[in-house]
Amino acid sequence: MDVIRVKGGRRLTGEVQVAGAKNAALPILFSTLLTDQRCVVGNLPQVQDVRTALRLLSDLGAEVEEDGSTVAITAGEITSSEAPYELVKTMRASFLVLGPLLARLGHARVSQPGGCAIGGRPVNLHLHALQQLGAELDLVHGYTEARADRLRGAEVQLDFPSVGATEHLMMVASLAHGETVIENAAREPEIVDLAAALRSMGADIEGAGEAIVRVRGASQLGGMNHQVLPDRIEAGTFLIAAAMTRGEVVVRGARSGDLHALLVKLREAGAELEERDDAIVARAARRLAGVDIKTLPYPGFPTDLQAQMMALATVSQGTSVITETVFENRFMHANEFLRFGADISLDGHNAVVRGVEQLSGAPVMATDLRASVSLILVGLVADNTTEVRRVYHLDRGYERIEEKLAALGASIERVKGARG
Ligand code: UD1
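Residues numbered from 1 in each chain as written. Predicted model: local features only at pLDDT ≥ 70, side-chain atom pairs only at ≥ 80, totals over all residues. Heavy atoms only, no water.

Asks: Please give an account of the overall build of the chain that cites residues and values.
Replies: The helix and strand tally for the chain stands at 14 helices and 24 strands. Taking 22 Å as the expected radius of gyration for a compact globule of 420 residues, we find that the chain reaches 21 Å, a close match to that expectation. Based on the C-alpha atoms only, the size of the chain along its principal axes is roughly 65 × 45 × 40 Å. Relative to its full complement of 420 residues, the chain shows a buried share of 57%. Carbon and sulfur atoms make up 44% of the accessible area of the chain, which amounts to about 16500 Å² in all. (Helix = DSSP H or I, 4+ residues; strand = E, 2+ residues; numbered from the N terminus. Rg over C-alpha atoms; globule rule 2.2 N^0.38 Å. Buried < 20%, exposed > 50% of the residue type's maximum accessible area, 1.4 Å probe, protein only. Areas by Shrake-Rupley, 256 points an atom, 1.4 Å probe, with all protein chains shown as cover.)

Asks: Account for the side chain of Glu 387, naming residues and giving values.
Replies: Looking at the element boundaries, Glu 387 is found in strand 23 (residues 385-389). At a separation of 2.9 Å, a polar atom in the side chain of Glu 387 contacts the side chain of Arg 5. Residues contacting Glu 387, with those up to four places away along its chain left out, are Val 3, Ile 4, Arg 5, Ala 362, Pro 363 and Val 364. (Polar contact = N/O pair within 3.5 Å; in protein donor to acceptor, adjacent residues only side chain to side chain. Contact = heavy atoms within 4.5 Å.)

Asks: Tell me about the sheet that holds strand 13 (residues 212-216), residues and numbers included.
Replies: The four strands lie next to each other as 10-11-13-12, forming an open sheet whose pairing is mixed. Edge positions in the open sheet fall to strand 10 (155-157) and strand 12 (204-206), since each of these has one partner strand only. Pairs of neighbouring strands in the sheet enclose a mean axial angle of 15 degrees, with direction left out of account. Of the strand pairs in this sheet, strand 10 and strand 11 (residues 179-183) are connected by three bridges, and their pairing is parallel. (Pairing = 2+ DSSP bridges. Axes fitted to C-alpha atoms, helices over the stretch in contact; angles between N-to-C directions.)

Written out as structure tokens, the structure is:
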């Protein structure tokens, strides 16, 4: 297994280009199942989760032609209606093929995702919503088996603005009979991007990015040509890295509209941020101050940047209280931070982080995608060498991150096949 080795102490300087958003790319790739026409999706990040999604589409019978960050997919004939356990367990988002397969074929069989490192993560909201659109569902041997002759639009009130459930509903409602109204919908930028992709297929969707989304179903959809939006989480990670190392980095593709909650907190901590049309420049001349963070659905502070902000807090001046409200168990990185000498106490959904002057490099283990990048961030400022193991978590969602950080001046390398 690969290991990432970082020698701390270098300021990051220069320019970095953010890749396309993994979390927008996945539902957009799955929505190509809604049509038998050719769909072209560009600006895809070259990450493991995208490869898994393409493999699943091809297993289902779609033709997949890859050309760098652009992929053409034609699901002319769907030859399988099943997403197996092996795939869904490696990538929970694969569950999103259930709705499109059902809408297109009238039946589908998809493994239920189990728990994961950051909590139980049930799919009850997805299932309840599909039932309201007329799907008949059974849970058989760990699989959801779904049937419906033709899904019918309905008014669906989500108990929580789940990103996945909102995306799932928008996809199936686009091929349902009549109008669907999603109340308490998630408002993340990735929802807006999925709606744009579906609209380019001919779907009639209003209100994406707001709490009420209306979808008027069509009897069929056409092909699409869509460029995935830039990854706000990757962008935010580089902004935090620049501030932590007291560097100066131009993050190309960072969109301030999508990152407002982070920018407010970084400024409060003392970072200097310059918002340009196609980039954000982050600078910090001195040690930052601790700030409190509470994760919330968009436009609140993103849970996918919580671990990175905790990394920053470990070396900031003063105390930061970090509250996680979106996931039940998303502080696994905190225990690894202790190995660097960080001062953190955990109490349920709260982490109290007292910043220390200097951390000391250590061998550590990644537990999930965002936790793994936060360990690299700490490695950038800790003395001596840090080795991050289990980097397959990192490879699920960050494109060539060690190369990008090395180009900014970090001393970082991937050691292939090391004992992880
Ligand atoms: C998506 C993102 C993930 C991000 C999360 C929250 C993708 C591929 N992943 O995940 O990176 O951290 O949004 O911004 O886009 N829940 C239920 N029942 C459900 C669905 C969700 O109880 O049916 C709960 C979850 O357990 C979790 C919370 O709702 O506690 C948020 O989940 P959700 O917004 O659905 O996140 P995902 O779509 O899984």
